[in-house]
Every structure is written in C-alpha cells, then in structure tokens.
Amino acid sequence: MIMRRPTLLLLLAPAVLLAGLLFVLPLFGVMRLSIFDESGFTLGPIAELVNSRVAVVVLERTFVLAASVTAICLILGYPAAYFMSGLKPKTRAYVTYLILLPFWISILIRTYTWIVILGREGIVNKGLGLLGVAPVQVLYTDLAVHIGMVQILLPIVIITCLAAMLDIEKDLMKAARSLGASRSQAFWKVFFPLSVSGAATGGLICFILSLGFFVTPALLGGRRSIIIANLIDLQVHQTLNWGFAAVLATALLAVTLTCLGLFWLVMRRRVEFTGAGLGR
Amino acid sequence: MRRALAVYFVVLTGFLILPLIFLVPISLSESQFLEFPPSSLSLRWYAAFFQDPTWVSAAVLSFRVGIGATAVSLVFGTLASIALVRGDFPGKGVLTAIFIAPLILPTVVLALALYIVFLRWQLVDNVFALTLAHAIVAMPYVVMIVSASLRRFDTTIERAARVLGAGPVKAFMLVTLPYLVPSMFAAGILAFFASFDELIITLFISGGAQTLPVRIWNDLGLKLDPTVPAVAVMLTALSIVGMGIGELIRRRNEQRYQSATPPEA
C-alpha cells in the first residue's frame, strides 16, 4: 500500500500546521526571548539566572524533589509491579484498572483531596488526636508535596515496570531454578537484570514529569516549596520579568531534552548489546 | 514472601485510591467546613454548584473548549496517524516525536511559549485560540492510540476490498475506518479529559476566562470552598464513566476482529 506524496501531504498538513504554529514556533520563541531582547543578542537573562540566588535555589530544589520522588516511586512501585506480574492474566487486568483508576482523575482534584486529608482538621490529624497525639503539620511541607506527587506518578512507574516484566520469558526463571538456583538467586541473577531497563524507563518518565510539576507543589507545599514551574508562573504574573521567565523555561526544556537524549543513547546501546548477546 | 507482597500491594493500592474514597463523603457534608467523617449528610453543595452562575459558566466553557479540542485533535491526529503508519517519508521519526512531545515536555514551558506568541497575535482571551491550544495537548493521545490500532490492523482485508474493485479511499472508508472507530472513540475521550483538565495553559492564555480547573484553582487560593468536593465528585464520575465506556467499546471491537479471523490450524 504505497501512498503518493500529495496524499501524504494532505493527510499531514492539518496536524503539522497546528503543531508548527502552536508548538514548535512558540517553543523557539521562548528560546529566542531568553537570548534576545529589543536591542539584539544578549546574555543578560542567562547571567541573571546564574547570579540569581532564588533561581539557583529553586533549580536545585526542583532536581532534588524530582530525584527523591522518582526514587520513592521506584522503590514502592517495583515490588508492586512484581506482584502483579505473578497474577493470573484476568486478575491482573482488574488490578491494573484499580491502579490506573486514580490516573484518570484530574491532578487538581487529587491534590485538592490531599489538602483535606492532611490538613489541620483532616483525617490524619483526627486519627492522631484519637490516639492522644498532638496535631502535626503535614500540609504545606515537603512531605505533603512528596505524598501528593508519589500518588500521582506511581501508577505510571508501576505500569511501565509491569510491561517490562511481562516481556521476560518465564522459562528463563524455570531454567535457572532447574539448574539449582534458589528462588532469590533466580530473582536477582535472572529476573531483576532483565527488568532493570523497564524500571529505568518508568523512573525516567517519572523524573521528567516531576521536573514540570506545578499544581501539587503550589497547593501542598509551603511558600518555600515552589519549584521551577511555579517560579516561571511568578515571573510572568507577578514580577512581569519575561526574559527571566523565558530563561527559566528554556533551562527546564533543555534539561528535559537532555534526559530524553541520554536515555535514548543508553537504551539504544542496551538493545544492540542484548540483541548481539542473543545472536539476533 | 508472596503473602507479604500481597499485603503490601493492597496497602499501596489503598494509598492510590484513598483520595477517591474520601472525596464522596466530604462532598456530601452538610457543614461548610471540610470535615471527615461528615456529621450530617446533604446535597447542598451539589445544589450550590448549579445555583452559582460562575460555576455553571465555567463548566459550560470547559465543555465548549473540550469538545472543540477533541474534534480538532481527533480529525487532525487521525489523518496524521494514517500518514505516519502507512506512508514512508523522510523525517517521519521527527514528526512523530513532535506530535507526541506535548505529553512529556513540561506544560508550563508551552504555556509561557503560547502566552508570548498569543500576546503578539492578540489571541489572548480568545476561546477559539484556547481551543486550538488545548488541541495541541490532546493530540498526542489521538496519535498514539490511533496509530497503534492502525498498526495492528490486518491490511489484507483492505487489500481484498481493493481487489474486489473499491478505490483506495472507498476501501479505507468502508473497511479500515469502521475498525478504527472504537479506538478513535477511546482516543477522543482521553483527548476530551486532557482538555477538560488542562490548567496551566489556560491560566496563562485565557485572559481571565474561567474553565472549571481555573475556577477551582482560583477558589483554592482564597479559601477551601466546600463546593469543590462536589464538583470533584461529579468530574470524577464523569471521567470514570467516560473512560469505562471507551475501554468497553475498544475491547468489544478487539474481540470482534479477533473472532472474524478464522482460528489457525
């Protein structure tokens, strides 16, 4: 079924036009604004970024938060995915729906619910009160931000890990067992290494999405919990410092693309490596 | 070991769906303070939603923009998917990446970018422009789902139609499109909720016009309005029902096309 060039152009034109005008062009616009002003080329905004205490602190906080949320999601998600990979296909399908259920609900609403649960009058503090413990401040702390973000991102990590685990040949484990490996040896020497790339994929997606979080840190964190997306919003709506906002956005974009690029390089090599090992 | 894992899994799943479990009783509370468990039940906050014109107009705007964005992304995305799956041309990989990218790149970057160009083009506070901006965020779902479904399609069926005398467009319309419709429906639902949920871009470019998420967001800055849980429950019910129908139709279609092919000997 060969398509002729005019047909292809006709099919692609609307989407290309839309993405070109409202995605690619605006992104280049932001990058441009971060190195050009009315008088021409300038390194001003970049210098401002490097010299700004606030920006440096917020950037650092963004990375630390993304890294710790990703680590927590992997640690919590991997065993869950492993458990799911051992279920019967039908049971697994139902359980998967359950895991994905919160994923279908607006991030704003899920974050909102955490405000109610973790707040001073919330269920957590009421429970502690019944136990005779003084109310604790969870809302508007980094802990609350972690809870909210993990709840939002965990399903993605679990499902990505699970997909990789389901690709692993069950016979390999059986072979290891029949050759005398103990259950845990078979897991650590055969299953785990084969599942690592899937877990890494999930972790990377989680990390990249964490970098761009906006709602959860703004609502669950304190004033000192804002991350880069919130800072960009502040620059645009309060400080009206557009060049600075553009530099921040460009930095965020660059980091995201670098992560994706590095990941692509590593994964490609891994595929070549395992492909060669299997004699394909 | 297996049992310990099972217990762990149940606890974790509980954590994931915890907010959903709490939402319903909170929304039914009589009190104007958000309390759990509620001391007395009532539907007053649901009524409050429908009586407040600002909530209603926010919902109307969300539906308008959501339906528009779904239509645009569904048509544009499906056409592009056909070209991406069936066609062979240079730059296919790059183009696919561009269509998928809004899903993974930080939305705030796109929001700022759109704000800058929309100010120049005087499109801030323009419902039509807002709809197109939402379509950008919704299109990745369409491209991913429709092209995956198209890739699974057995092209010999379409070829059979061609051999029997149908032209390429007719063969596609009568054979392939009916197969694609359920995944397009599922993609459309995802696209709709992607738009319905979109907050940051709307905050930047809507020029003060409020969609539901923006209305909720503005409310949260001031006080904890008990109407919000009622809205949240209605939205959640809407998305669960919508996604459920989409998934059901998709699965029925898959089974239909599976049983249509004769079992292999």
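Residues numbered from 1 in each chain as written. Chains lettered and ligands numbered in written order. Predicted model: local features only at pLDDT ≥ 70, side-chain atom pairs only at ≥ 80, totals over all residues. Heavy atoms only, no water.

Peer 1: Can you break down the overall build of chain A residue by residue, with the values?
Peer 2: Broken down by element type, chain A carries 12 helices and two strands. The linear arrangement of helices and strands in chain A, starting from the amino end, is α-β-β-α-α-α-α-α-α-α-α-α-α-α. Radius of gyration (C-alpha) of chain A: 23 Å, far over the 19 Å computed for a compact globule of 280 residues. For chain A, the C-alpha atoms occupy an extent of roughly 75 × 75 × 35 Å along the three principal directions. Here chain A, with 280 residues, has 47% of them falling under the buried criterion. Accessible area for chain A stands at about 14400 Å²; split by element, carbon and sulfur atoms hold 69% of it. In chain A, the 22 positive side-chain charges and the 11 negative ones have mean positions that sit 13 Å from each other. (Helix = DSSP H or I, 4+ residues; strand = E, 2+ residues; numbered from the N terminus. Rg over C-alpha atoms; globule rule 2.2 N^0.38 Å. Buried < 20%, exposed > 50% of the residue type's maximum accessible area, 1.4 Å probe, protein only. Areas by Shrake-Rupley, 256 points an atom, 1.4 Å probe, with all protein chains shown as cover. Lys, Arg positive; Asp, Glu negative; His and termini not counted. Charge placed at Lys NZ, Arg CZ, Asp CG, Glu CD.)

Peer 1: Describe the confidence of the model for chain A, and please don't skip the residues or the numbers.
Peer 2: Per-chain confidence: chain A averages 87 in pLDDT, with 95% of residues scoring 70 or above. Contacts for the low-pLDDT stretch residues 273-280 of chain A, under 50 throughout, to residues beyond four places or in other chains number one contact. (pLDDT = per-residue confidence, 0-100. Contact = heavy atoms within 4.5 Å.)

Peer 1: Explain the nonpolar core residue by residue, including any values.
Peer 2: One finds Ile-158 and Ile-232 of chain A together with Phe-99, Leu-112, Phe-204, Ile-205 and Leu-212 of chain B to be the most contacted residues of the largest nonpolar core, which totals 173 residues. Once residues within four sequence positions are removed from consideration, Leu-112 of chain B is found in contact with Val-30, Ile-232, Val-236, Ala-245, Ala-246 and Ala-249 of chain A together with Phe-204 of chain B. (Core = buried A, V, L, I, M, F, W, Y, C linked by side-chain atoms within 4.5 Å.)

Peer 1: Tell me about the pattern of salt bridges, and please be specific about residues and values.
Peer 2: All names here are of chain B. Taken as a whole and assessed by the stated rule, the structure comprises four salt bridges over all chains. A salt bridge links Asp-52 to Arg-215, with the nearest nitrogen and oxygen atoms 3.3 Å apart. Here the residue Asp-52 occupies a position in the loop between α2 (44-51) and α3 (53-86), and Arg-215 occupies one in helix α10 (residues 212-222), the gap between them amounting to 163 residues. Given the relative accessible area of 24%, Asp-52 is considered partly exposed. By relative accessible area, which is 8% here, Arg-215 ends up buried. Here Arg-215 and Asp-219 are joined by a salt bridge, their closest N and O atoms 2.6 Å apart. Taken as a pair, Arg-215 and Asp-219 lie in helix α10 at a separation of four residues, close to a single helical turn. Several salt bridges share partner residues, and in doing so they unite Asp-52, Arg-215 and Asp-219 into one network. (Salt bridge = Lys/Arg side-chain N within 4 Å of Asp/Glu carboxyl O.)

Peer 1: Tell me about the packing of aromatic side chains, and name the residues and values.
Peer 2: Counted according to the given criterion, the structure contains 22 aromatic pairs over all chains. Ring geometry for Phe-193 of chain B versus Phe-196 of chain B: centroids 6.4 Å apart, planes at 75°, classification edge-to-face. Taken together, the residues Phe-193 of chain B and Phe-196 of chain B, both in helix α8 (residues 168-197) and three residues apart, mark about one turn of the helix. For the pair Phe-193 of chain B and Phe-196 of chain B, one class covers both residues: buried. Put simply, the rings of Tyr-78, Tyr-82, Phe-187, Trp-188, Phe-191 and Phe-192 of chain A pair up and form one aromatic cluster. (Phe/Tyr/Trp six-rings, centres within 6.5 Å; stacked < 30°, edge-to-face > 60°.)

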